[in-house]
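Descriptive analysis of the structure
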Amino acid sequence: METGNLWGDLEGLDLEFNTPKEILEDQAKFLPKLTKDLLYAEVKELESSELYNTFEYVLDREDEDSDDGFAYKFLLKSRFMDTYRFELFRLHHAIGIYPVTLYLDNEIHKEFNITGDFKEIKSEKDFIEFLTKVLQCDRVRRVIGALMKLSK
C-alpha cells in the first residue's frame, strides 16, 4: 500500500532571509577592499572541542533544540602574517537560526558593557544592527590599524 505525499506543499516556505553565516561572509568580502588587500576576514566553523568549550551552556539548556546547531568564529587575518589571526567573536545558533548567541572578544565585551558571558540576539535585523556596531567599535578599529601597520 502506497501512502502518498504526507509532506504537503513545500513551495510556500519563506526562504527570503540571510543566515548569520551568510551575513558574516558578505562582510568578510569588504575587508580586503577597505585595507588595500592587506587584511581579510574568515568565517570558520568551530571544531567539536571548540564548540563544547565555548557554548557548553547553550548545548546543555533544556529549552534549546536538541541538536548542537551551528557554530562559527569570525577571524581577522593578514596576508603577510600567516600564523596570526585575531578572533572577534564566536557565534552559535540552533536549527531555528534565531536567537544567535555571541561570545565577543573580552575588550569588545567590555566596550559594550554586556552583562553576562554572552550576547543573545533574537532577529536578523537585530543581528545586522549589532554587527554594525561591533565592526565599527574602537577595539576593532585599533586591531585593524595594528594589523595593517604590522603587515607593511
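Residues numbered from 1 in each chain as written. Predicted model: local features only at pLDDT ≥ 70, side-chain atom pairs only at ≥ 80, totals over all residues. Heavy atoms only, no water.

**Focus on the pattern of salt bridges**
Here the structure, examined in full by the defined rule, presents nine salt bridges. The shortest N-O distance in the salt bridge between aspartate 26 and lysine 29 comes to 3.8 Å. Highlighted residues: aspartate 26 and lysine 29, both in helix H1 (residues 20-34), separated by three residues, approximately one helical turn. Put simply, glutamate 129 and lysine 125 hold a salt bridge, and the shortest N to O gap is 3.0 Å. One end of the pair is glutamate 129 and the other is lysine 125, both in helix H4 (residues 124-135) and four residues apart, which spans about a single turn. Each member of the salt-bridge network shares a partner with another, and the members are Asp105, Glu107, Arg139 and Arg142. (Salt bridge = Lys/Arg side-chain N within 4 Å of Asp/Glu carboxyl O. Helix = DSSP H or I, 4+ residues; strand = E, 2+ residues; numbered from the N terminus.)

**Comments concerning a nonpolar patch on the surface**
Among the surface-exposed residues, Trp7, Leu10, Leu13, Leu15 and Phe17 lie close enough to one another that they form a single nonpolar patch of about 620 Å² accessible area. With respect to the secondary-structure elements, leucine 13 resides in the segment before H1. Given the relative accessible area of 53%, leucine 13 is considered exposed. (Patch = residues over 30% accessible without salt bridge, like charges linked within 9 Å, V, L, I, M, F, W, Y side chains within 5 Å. Areas by Shrake-Rupley, 256 points an atom, 1.4 Å probe, with all protein chains shown as cover. Buried < 20%, exposed > 50% of the residue type's maximum accessible area, 1.4 Å probe, protein only.)

**Side note on the nonpolar core**
Judged by nonpolar contacts, the single largest core of 30 residues is most densely connected at Leu24, Phe74, Leu76, Leu88, Phe89, Leu91 and Phe127. Listing elements by their share of this core, those giving two or more residues are H1, strand S1 (39-45), strand S2 (70-78), strand S3 (81-93), strand S4 (100-104), H4 and helix H5 (138-150). For leucine 88, the residues in contact, after removing those within four places along its chain, are Phe74, Leu76, Tyr103, Leu104, Asp105, Ile108, Leu135 and Val140. (Core = buried A, V, L, I, M, F, W, Y, C linked by side-chain atoms within 4.5 Å. Contact = heavy atoms within 4.5 Å.)

**Considerations on the sheet that holds S4**
As summarised here, the arrangement of the five strands in space is S1-S2-S3-S4-S5, forming an open sheet in which the pairing is antiparallel. Both outer strands of the open sheet, S1 and strand S5 (119-121), are each paired with one neighbouring strand and no more. Put simply, the sheet's adjacent strands are angled 30° from each other on average, direction ignored. By the bridge criterion, five bridges tie S3 to S4 in an arrangement that is antiparallel. In the sheet register, arginine 90 faces S4, and the bridge partner there is tyrosine 103. Together, S1, S2, S3 and S4 form the strand contacts of H1, whose direction differs from that of S1 by roughly 160°. Taken strand by strand, H4 contacts S2, S3, S4 and S5, and its axis lies near 10° from that of S4. (Pairing = 2+ DSSP bridges. Axes fitted to C-alpha atoms, helices over the stretch in contact; angles between N-to-C directions.)

**Remarks on the packing of H1 against H4**
Interaxial distance between H1 and H4 falls to 11 Å at its minimum, and their mutual angle equals 35°. As H1 packs across H4, the resulting crossing turns out to be right-handed. In contact with Pro20, Ile23, Leu24 and Gln27 of H1, H4 contributes Glu124, Phe127, Ile128, Leu131 and Leu135. Tallied by class, the residues present in the contact of H1 with H4 amount to seven nonpolar, one polar and one charged. (Left-handed = near helix turned anticlockwise from the far one by under 90°. Nonpolar A, V, L, I, M, F, W, Y, C, P; charged D, E, K, R; others polar.)

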